[in-house]
Amino acid sequence: MEQRVSLVTLGVRDLGRARAFYEALGWRRGDDNEDVVFFQCGGMVVALWSREELAADSAVEDGGGWGGVTLALNLRSPEEVDATLAEAAAAGGAIGRAGAETSWGGYSGVFVDPDGHPWEVAHNPFWAVTDDGRTLLRPDA
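These remarks concern the structure in this document. (Residues numbered from 1 in each chain as written. Predicted model: local features only at pLDDT ≥ 70, side-chain atom pairs only at ≥ 80, totals over all residues. Heavy atoms only, no water.)

## Some details on the sheet that holds strand β4 (residues 71-75)
Part 1 of the reasoning: Taken in spatial order, the four strands of this open sheet run β4-β7-β6-β5, and their pairing is mixed. Each having just a single partner strand, β4 and β5 (94-101) make up the two edges of the open sheet. Mean inter-strand twist for the sheet, computed between neighbouring axes without regard to direction, equals 15°.
Part 2 of the reasoning: Examined bridge by bridge, β5 and strand β6 (residues 107-112) share five bridges and lie antiparallel to one another. By the bridge assignment for β6, Ile-95 is matched with Phe-111.
Part 3 of the reasoning: Each of β4, β5, β6 and β7 (118-123) is contacted by helix α3 (residues 78-90), which is oriented at about 10° to β6, the strand it contacts most. (Pairing = 2+ DSSP bridges. Helix = DSSP H or I, 4+ residues; strand = E, 2+ residues; numbered from the N terminus. Axes fitted to C-alpha atoms, helices over the stretch in contact; angles between N-to-C directions. Contact = heavy atoms within 4.5 Å.)

## Structural notes on α3
Because an α-helix completes one turn every 3.6 residues, residues spaced three or four positions apart along the sequence face the same direction.
Part 1 of the reasoning: For α3, built from 13 residues, the straight-helix expectation of 18 Å at 1.5 Å per residue is met to within 8% by its first-to-last C-alpha distance of 19 Å.
Part 2 of the reasoning: Here α3 has its buried residues at Val-81, Thr-84, Leu-85 and Ala-88. The buried residues of α3 occupy an angular sector of 100° when projected down its axis, which confines them to one face. Exposed residues pointing more than 90 degrees away from the buried face of α3 are listed as Glu-79 and Ala-90.
Part 3 of the reasoning: Considering only its buried residues, α3 is in contact with α1 (15-24), β4, β5, β6 and β7.
Part 4 of the reasoning: Looking one or two residues past α3, Gly-92 carries a phi angle of roughly 110°, positive in sign. (Expected span 1.5 Å × (residues − 1). Buried < 20%, exposed > 50% of the residue type's maximum accessible area, 1.4 Å probe, protein only. Arc of directions from axis to C-beta.)

## Some thoughts on α1
Part 1 of the reasoning: Buried within α1 we find Leu-15, Ala-18, Phe-21 and Tyr-22. The buried residues of α1 occupy one face: seen down the axis, they fall within an arc of 130°.
Part 2 of the reasoning: Looking at the buried residues of α1, the elements they touch are β1 (7-12), β2 (36-41), β3 (44-50), α3, β6 and β7.
Part 3 of the reasoning: By the N-cap criterion, in which a side-chain oxygen at the helix start approaches the backbone nitrogen of a residue two or three places on, α1 is capped by Asp-14, the distance to Gly-16 being 3.1 Å.
Part 4 of the reasoning: Gly-26 occupies a position one or two residues after α1 and carries a positive phi of about 100°. (Polar contact = N/O pair within 3.5 Å; in protein donor to acceptor, adjacent residues only side chain to side chain.)

Structure (structure tokens):
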């Protein structure tokens, strides 16, 4: 198996509300599908789809709680982290944890989208974020 992720699909309760939230963050749809919303995110795709339909398609039972997954956005500075958290709050997201220095030497905070999907927004001074938005574990790679 290739070591990469191509698509992350978020199960949502109200597709229109979820689409509006991500569009308020400045994300642009990548297609005109009526049942699933696709966003091109660098070299991968993030999709929004009915939570019920996603659970059935994924052959799992939806217990309604957090699924044990947190998405993350790595940025180039602590100031970008704070600005992104402010954008998420203005778009209707909840701030789960304000931006702050971390025990591992970085800076991060968390916002939660209207469907309960947590996003860590972080600056990791030991990684690099390229001009085109790729995150590199080794800055010299």
